[in-house]
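Okay, here's what each chain looks like letter by letter:
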Amino acid sequence: MPIDIFMTQLSPTMTEGRIARWLKKEGDELISGEVMAEIETDKATMEMEVVDEGVLHKIIAPEGSVVTVGAPIAVIREDDEEVADDYRAEGSAADCAIAISEEVECEEAVELGSESAPDLHPASIAAHEAHDAEEAEALHLKTAGLFNADGEYDLVVIGAGPGGYVAAIRAAQLGFKVACIESTHLGGICLNWGCIPTKALLRTAEVINIIKHSGDALGLGVTEANPDLEKAVARSRAISAKLNGGIGFLFKKNKIEHIEGYATFEADNRLMVKDSEGNSKQVTAKHVIVATGARARAFPGMDVDNEVIITYKQALAPTALPKKLVVIGSGAIGMEFAYFYNAMGSDVTVIEAADQILPLEDHEISRVVERSFKKQKIKIITGAMVSSAKNVDGKAIVAYESKGKQLSVEGDVCLVAVGVIGNTDAIGAENTAMKVERNTIAVDDWYRTDHPGIYAIGDVVGAPALAHVASHEGIVCVEAIAGKHPHPVDYGNVPGCTYCQPQVGSCGKTENACKEEGIPYKVGRMPYGTNGKAMGLAETEGMVKTIFHAETGELLGAHIVGAEATEMIVSLGVAKTLETTEAELAHHMFPHPTLSEMIHESVLDSDDRAIHI
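Definitions and cut-offs
- Residues numbered from 1 in each chain as written.
- Predicted model: local features only at pLDDT ≥ 70, side-chain atom pairs only at ≥ 80, totals over all residues.
- Heavy atoms only, no water.
- Helix = DSSP H or I, 4+ residues; strand = E, 2+ residues; numbered from the N terminus.
- Rg over C-alpha atoms; globule rule 2.2 N^0.38 Å.
- Buried < 20%, exposed > 50% of the residue type's maximum accessible area, 1.4 Å probe, protein only.
- Contact = heavy atoms within 4.5 Å.
- Areas by Shrake-Rupley, 256 points an atom, 1.4 Å probe, with all protein chains shown as cover.
- Lys, Arg positive; Asp, Glu negative; His and termini not counted.
- Charge placed at Lys NZ, Arg CZ, Asp CG, Glu CD.
- Core = buried A, V, L, I, M, F, W, Y, C linked by side-chain atoms within 4.5 Å.
- Pairing = 2+ DSSP bridges.
- Axes fitted to C-alpha atoms, helices over the stretch in contact; angles between N-to-C directions.
- Parallel < 35°, antiparallel > 145°, perpendicular 65-115°, else oblique.
- Left-handed = near helix turned anticlockwise from the far one by under 90°.
- Nonpolar A, V, L, I, M, F, W, Y, C, P; charged D, E, K, R; others polar.
- Expected span 1.5 Å × (residues − 1).
- 1 Å grid on protein atoms, 1.4 Å probe; cavity = no way out; pocket = protein on both sides within 12 Å on 5 of 7 lines; lining within 4 Å.
- Points joined across faces, edges and corners; volume = space filled by probe spheres on them.
- Patch = residues over 30% accessible without salt bridge, like charges linked within 9 Å, V, L, I, M, F, W, Y side chains within 5 Å.
- Salt bridge = Lys/Arg side-chain N within 4 Å of Asp/Glu carboxyl O.

A. Spatial organisation of the overall build of the chain. From N to C terminus, the chain includes 15 helices and 34 strands. On C-alpha atoms alone, the chain measures out to a radius of gyration of 27 Å, which is about the 25 Å that the 2.2 N^0.38 rule sets for 613 residues. Considered along the principal axes of its C-alpha atoms, the chain spans approximately 90 × 65 × 55 Å. Here the chain holds 613 residues, and 50% of them are scored as buried. Restricting the contact set of the chain to residue pairs at least 6 apart, pairs at least 24 apart contribute 65%. A total of about 29500 Å² of accessible surface is found on the chain, and carbon and sulfur atoms cover 51% of it. A distance of 9 Å separates the average location of the 52 positive side-chain charges in the chain from that of its 93 negative side-chain charges.

Written as structure tokens, this is what we have:
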């Protein structure tokens, strides 16, 4: 007997929901726990899971329909069951489901054959149009157009890093026919040689330091660890391999074609792909996104040989532990590797040209990390301009100038961690109208280049060179192509994370930036040392710092250094996105005992109302 599926009340206040997207089509098998459809309300987009198993026989409420709670939306049957043609679901009255009377579709999405692209509710469209009208003057836009009007694919993405693969998946969700060109690893540098494997190594370092510094106090019965470099590296590589396979699965699930090879633009709007055997073929697409990422930068005089003078790639898979390691650069990459190698047993020296380590972070946060590193016996040299880093008879010799003196330091290995440079050299950009300067592609707010139909996202469009920025840019870029009214990326609220211990998480303006810009501000601070949860974790090093506009109460910036800072900063980033004020954060109830209570106390402290300090 057929089973009727009804619109479920997915939240306590929900009275109706809009079918944003069916993830199952008629004839598909339904398995309990799978997501069947995405439902939009005026508050959120939620997933509707399969409860009754069977085969999806008929969809009653198509995508775009607004349906009251309790009204039928579909019918399921058993595998071999015959359902009468005149079968009607219970409660299929005309007033149960409110269909959108006027279909409003993106013209470009229709041209692209976007059969499953979810349409916005008319009220949402009106709101977006009003928003777009307000922002039209402020938006910086280049000429729109198609790369190849007769392209086989609606969209081709060059590069499968966190920008490229996310853009490809979002485009597939919108009904585009998508291909992704990637020569080496799905997931790019981030997944294979950056974000993910480093976090695995840093977990090893964290546990080593917990044992070393708190093993006795925690009652573990051990105060010394016996690090195994080979096993730690093998674990990190295995995690990367597993996630790499996961992206392959997501490509298959979303019907994205992975084209292996190297992509280059040639004259007359031709996109060519050369495979590992040197064979070339043309790939045609209506739109092309360049997401080729970046590689490690080395300044003149830094003679990288990948043996003694190395970059992050060699640092992630060492064959032996250097007795002495010199790190040039104290950004996130440099500090994370300094922390890891020190925990494993290396004597580490960090050299930084700026006056503080972590130059982009708030000065007080930087000082906390510097004190912590020095306690861990990591040498810190700031205000030092490196003139050369060379392999001299198997040793790394780093020459630098500090306070007018010419000095040098010797190590077994030198890690060059002075930033990255975009991979724009080998893509044939000269055969297009794209503007490229210093390995950075010029784009507008929707990531269009100067060549119609070609877009660029991620590290190739410049700083901040972060995985989450690239992913966000990819989604905005694709949704703009499809006319889905995205909001431009807010580069003033990009979360910055450094995963050494103590961790650093930040968003918005630093205190010095507020001073330089002449913004009236007030600051709240809360140390980890008085927080009960931090004491229980034996992680009392650190602080939470919040910065508010002194007159309006606007949250201008937030900076955390200490345990789980990279997780806690998310809530403050969301608060800033929602334009939450100091008063609203002060009014919010934080759970006890948690590290997040320090956010509340920091907010209260900005108005001299902190309770526990």
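There's more to say after this.
B. Fine view of the nonpolar core. Counting residues in each nonpolar core, the largest one holds 54 residues, and the members touching the most others are Phe 265, Leu 271, Ile 289 and Val 290. With residues near it in sequence (within four places) discarded, Val 290 still touches Ile 158, Phe 265, Ile 427, Met 434, Ile 441, Ile 454, Tyr 455, Ala 456, Ile 457 and Val 460. Judged by nonpolar contacts, the second largest core, of 39 residues, contains Val 327, Ala 338, Met 344 and Val 369.

C. Just the sheet that holds strand β33 (residues 543–549), in detail. Within the open sheet, the five strands sit side by side as β30-β31-β34-β33-β32. Their pairing is antiparallel. The open sheet has two free edges, formed respectively by β30 (496–498) and β32 (521–527), since each of these has just one partner strand. Put simply, the sheet's adjacent strands are angled 10° from each other on average, direction ignored. Here helix α15 (residues 597–605) sits on the sheet and contacts β32 and β33; the angle it forms with β32, its principal contact strand, is near 140°.

D. Representation of the packing of helix α5 (residues 195–214) against helix α8 (residues 332–344) in the model. The geometry of α5 relative to α8 is characterised by a closest axis approach of 9 Å and an angle of 45° between their N-to-C directions. Classified by the angle between their axes, α5 and α8 sit oblique to one another. Note on packing geometry: the crossing formed by α5 with α8 is left-handed. On α8, the residues touching Thr 198, Lys 199, Leu 201, Leu 202, Thr 204, Ala 205, Glu 206, Ile 208 and Asn 209 of α5 are Glu 336, Phe 337, Tyr 339, Phe 340, Ala 343 and Met 344. Its residues assigned to classes, the contact of α5 with α8 shows nine nonpolar, three polar and three charged.

E. Region of the structure containing helix α13 (residues 565–577). Taking 1.5 Å of rise per residue, the 13 residues of α13 would be expected to cover 18 Å, and the 18 Å separating its terminal C-alpha atoms lies within 8% of that figure. When α13 is considered as a whole, its buried residues turn out to be Ala 565, Thr 566, Met 568, Ile 569, Leu 572, Gly 573, Ala 575 and Lys 576. Buried residues along α13 sit in contact with β30, β31 (503–508), β33, β34 (555–562), α14 (582–587) and α15. Note on α13: the residue one or two positions beyond its end, Glu 579, has a positive phi of about 55°.

F. Seen up close, the pairing of strand β2 (residues 16–22). For β2, the tally of buried residues reaches six of seven residues, placing the bulk of the element in the interior. With three bridges joining them, β2 and strand β7 (residues 66–68) adopt antiparallel strand pairing. When the bridges of β7 are listed, Gly 17 appears paired with Val 67. As defined by bridge partners, β2 adjoins strand β4 (residues 35–40) across four bridges and the pair is classed as antiparallel. Its bridge partner being in β4, Trp 22 is matched across the sheet by Ala 37.

G. How the structure looks around unusual backbone geometry. In this structure, the amide linkage connecting Ala 463 to the following residue, Pro 464, adopts the cis form with an omega of 0°. Within the element layout of this structure, Pro 464 appears in the loop between β29 (454–456) and α10 (467–481). Here His 592 and Pro 593 are connected by a cis peptide whose omega angle stands at -5°. In the Ramachandran plot, Asn 306 falls in the positive-phi region, its phi being about 65° despite a non-glycine side chain. Along the chain, the position of Asn 306 falls in the loop between β17 (294–296) and β18 (309–310). Among the residues examined, Asn 306 registers a relative accessible area of 43% and is labelled partly exposed.

H. Up close: empty space enclosed by the protein. Scanning all chains against the criterion turns up one cavity of 30 Å³ or more. Volume-wise, the largest cavity comes out at about 50 Å³. Lining the largest cavity are Ala 296, Arg 297, Tyr 312, Ile 333, Leu 415, Val 416, Ala 417, Val 418, Gly 419 and Val 420. Considered class by class, the residues forming the lining of the largest cavity number eight nonpolar, one polar and one charged.

I. Fine view of the packing of helix α3 (residues 164–173) against α10. Orientation of α3 relative to α10, taken along the N-to-C sense of each, is 35°, at an axis distance of 8 Å. Here α3 and α10 pass one another in a crossing that is right-handed. On α10, the residues touching Val 166, Ala 167, Arg 170 and Ala 171 of α3 are Ser 471, Gly 474, Ile 475, Val 478 and Glu 479. Taken together, the residues that form the contact of α3 with α10 break down as five nonpolar, two polar and two charged.

J. How the structure looks around a negative patch on the surface. Judged by side-chain charge, Glu 29, Asp 52, Glu 53, Glu 78, Asp 79, Asp 80 and Glu 82 come together as a negatively charged surface patch. Note on placement: Glu 53 falls in the loop between β5 (45–49) and β6 (54–59).

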